[in-house]
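Next come the chains, spelled out residue by residue.
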Amino acid sequence: MSGDAVYEVTDLLRTFGRGGHVRALDGVSLQVERGQRLGIVGESGSGKSTLIRLMAALDRPSSGSVRFEGREIAGLHERDLGFLRASVQLVFQDPRSSLNPRMTVGSIVTEPLRSRRVRRSLDDVDRGQRLREVLDAVDLPPDAAGRYPHEFSGGQRQRIAIARALAPDPEVLIADEPVSALDVSVRAQVLNLLADLVEARGLTLIFVSHDLAVVRHLCDSVVVMRAGRIEEQGSTEQVFNHPRADYTTSLLAAIPRIRVADVGDGS
Ligand SMILES: Nc1ncnc2c1ncn2[C@@H]1O[C@H](COP(=O)(O)OP(=O)(O)OP(=O)(O)O)[C@@H](O)[C@H]1O
Ligand SMILES: [Mg+2]
């Protein structure tokens, strides 16, 4: 393993159902380097979300290993995961279900700062400053802090989720279909915002999407999943221009051309 691997995932198996007959992941191995922007693609049910849940220690593998910065996280108790919780943040598909409707935006965004790991280094003043800084970073006004999620549009709610993810100054951002629940008209804006933030903050990005055009735009490398296995992985250039697997070729053939232009025009 190279010195700069953030994640090293080895031979992951995750089964569900009686007798473990559903193999959501089977023999999955991959590495993520610091600063890498990895796209994970594949048809519905191929195991993308299962994989990132294991990488975020939101679930445990049936067998196999997930190392984060050299430390095994598979099977660790929550109380021993502080080092991971501070460094790895997630953005999910639907901000309506991922944001607590009874909390103000300010409490939502600063919630990750209350974890023991981060709290030690941040007093109330710092927290207020961090809140203003991340709201500004996602182009929300400072007075958003006192309002509630339902007062915002879908795109704005996803900006709130992104602000929350950025608040603890993570190294790794994991996003699972972060724009697919949004109105088509705001998807490109939110994606471009995400791309800018990843660039400006030097984040390592793990980005799950059905949308290969978006992955091509945002990621430098790609894992193609099918039925719980990695069908193909490589640089974005290699996978998109010289796919090795027929399955990848068929996924690529399904990209609607016009979407590439939508995402690329920076609007
Ligand atoms: N908690 C669970 N209980 C039972 N089966 C599960 C569970 N989570 C995932 N699965 C199964 O594991 C397989 C992989 O699911 P997963 O959600 O990882 O796919 P995905 O690639 O994220 O799909 P999508 O693109 O639709 O989000 C599917 O067959 C799914 O039904
Ligand atoms: Mg999924």
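All of these numbers come straight from a predicted model, not from anything done at the bench. (Residues numbered from 1 in each chain as written. Chains lettered and ligands numbered in written order. Predicted model: local features only at pLDDT ≥ 70, side-chain atom pairs only at ≥ 80, totals over all residues. Heavy atoms only, no water.)

A word on the overall build of the protein chain. A tally of helices and strands in the protein chain yields 12 helices and 10 strands. Compactness check: the protein chain gives a C-alpha radius of gyration of 18 Å against a globular reference of 18 Å for 267 residues, within 12% of the reference. Dimensions of the protein chain, computed from the C-alpha atoms along their principal axes, are close to 50 × 45 × 40 Å. Here the protein chain holds 267 residues, and 51% of them are scored as buried. For the protein chain, the accessible surface area stands at approximately 12,500 Å², while carbon and sulfur atoms represent 46% of it. Charge-centre separation for the protein chain: the mean point of 34 positive side chains lies 6 Å from the mean point of 36 negative side chains. (Helix = DSSP H or I, 4+ residues; strand = E, 2+ residues; numbered from the N terminus. Rg over C-alpha atoms; globule rule 2.2 N^0.38 Å. Buried < 20%, exposed > 50% of the residue type's maximum accessible area, 1.4 Å probe, protein only. Areas by Shrake-Rupley, 256 points an atom, 1.4 Å probe, with all protein chains shown as cover. Lys, Arg positive; Asp, Glu negative; His and termini not counted. Charge placed at Lys NZ, Arg CZ, Asp CG, Glu CD.)

Bringing the packing of aromatic side chains into the picture now. Counted under the stated rule, the structure contains two aromatic pairs. A centroid spacing of 5.1 Å and a plane angle of 55° characterise the contact between Y7 and F68, whose relative ring orientation is tilted. Residue Y7 is located in strand β1 (residues 5-16), and its partner F68 is located in strand β4 (residues 63-68); the two are separated by 61 residues in the primary sequence. With respect to class, Y7 is no different from F68; both count as buried. Residues F68 and F83 carry aromatic rings whose centres are separated by 6.2 Å and whose planes lie at 35° to one another, so their mutual orientation is tilted. Of this pair, F68 sits in strand β4 while F83 sits in helix α2 (residues 82-87), placing them 15 residues apart in sequence. Assigned by exposure class, F68 and F83 land together as buried. Among the aromatic side chains, those forming a connected cluster through ring pairs are Y7, F68 and F83. Of note, R71 hangs over the ring of F83, and the distance from its end group to the ring centre comes to 3.7 Å. (Phe/Tyr/Trp six-rings, centres within 6.5 Å; stacked < 30°, edge-to-face > 60°. Lys NZ or Arg CZ within 6 Å of the ring centre and 35° of its normal.)

Between its first and last C-alpha, helix α8 (residues 184-201) extends 26 Å over 18 residues, near the 26 Å set by a 1.5 Å rise per residue. Within the span of α8, buried status applies to R187, A188, V190, L191, N192, L193, L194, L197 and V198. G202, located one to two residues past α8, shows a positive phi value of around 60°. (Expected span 1.5 Å × (residues − 1).)

Okay, the site of ligand 1 next. F16, V22, A24, E43, S44, G45, S46, G47, K48, S49, T50 and H210 make up every residue found near ligand 1. S49 places a side-chain nitrogen or oxygen 2.9 Å from an oxygen atom of ligand 1. A distance of 3.2 Å separates an oxygen atom of ligand 1 from a polar atom in the side chain of H210. Relative to its unbound accessible area of 630 Å², ligand 1 is 58% covered by the protein chains. Elements supplying a minimum of two residues to the shell around ligand 1: β2 (22-33) and α1 (48-55). For the shell around ligand 1, the leading source of residues is α1, giving three residues. Split by residue class, the shell around ligand 1 holds three nonpolar, seven polar and two charged. (Near = heavy atom within 4 Å. Polar contact = N/O pair within 3.5 Å; in protein donor to acceptor, adjacent residues only side chain to side chain. Nonpolar A, V, L, I, M, F, W, Y, C, P; charged D, E, K, R; others polar.)

Across the sheet, which stays open at both edges, the four strands sit in the order β2-β1-β4-β5 with antiparallel pairing between neighbours. A strand with exactly one partner marks an edge of an open sheet, and here the two such strands are β2 and β5 (71-72). Both β1 and β4 contribute to a ladder of five bridges, which runs antiparallel. Bridge pairing in β4 links V9 to V66. The strands touched by α1 are β1, β2 and β4; relative to β2, the strand with the most contacts, the crossing angle is about 55°. (Pairing = 2+ DSSP bridges. Contact = heavy atoms within 4.5 Å. Axes fitted to C-alpha atoms, helices over the stretch in contact; angles between N-to-C directions.)

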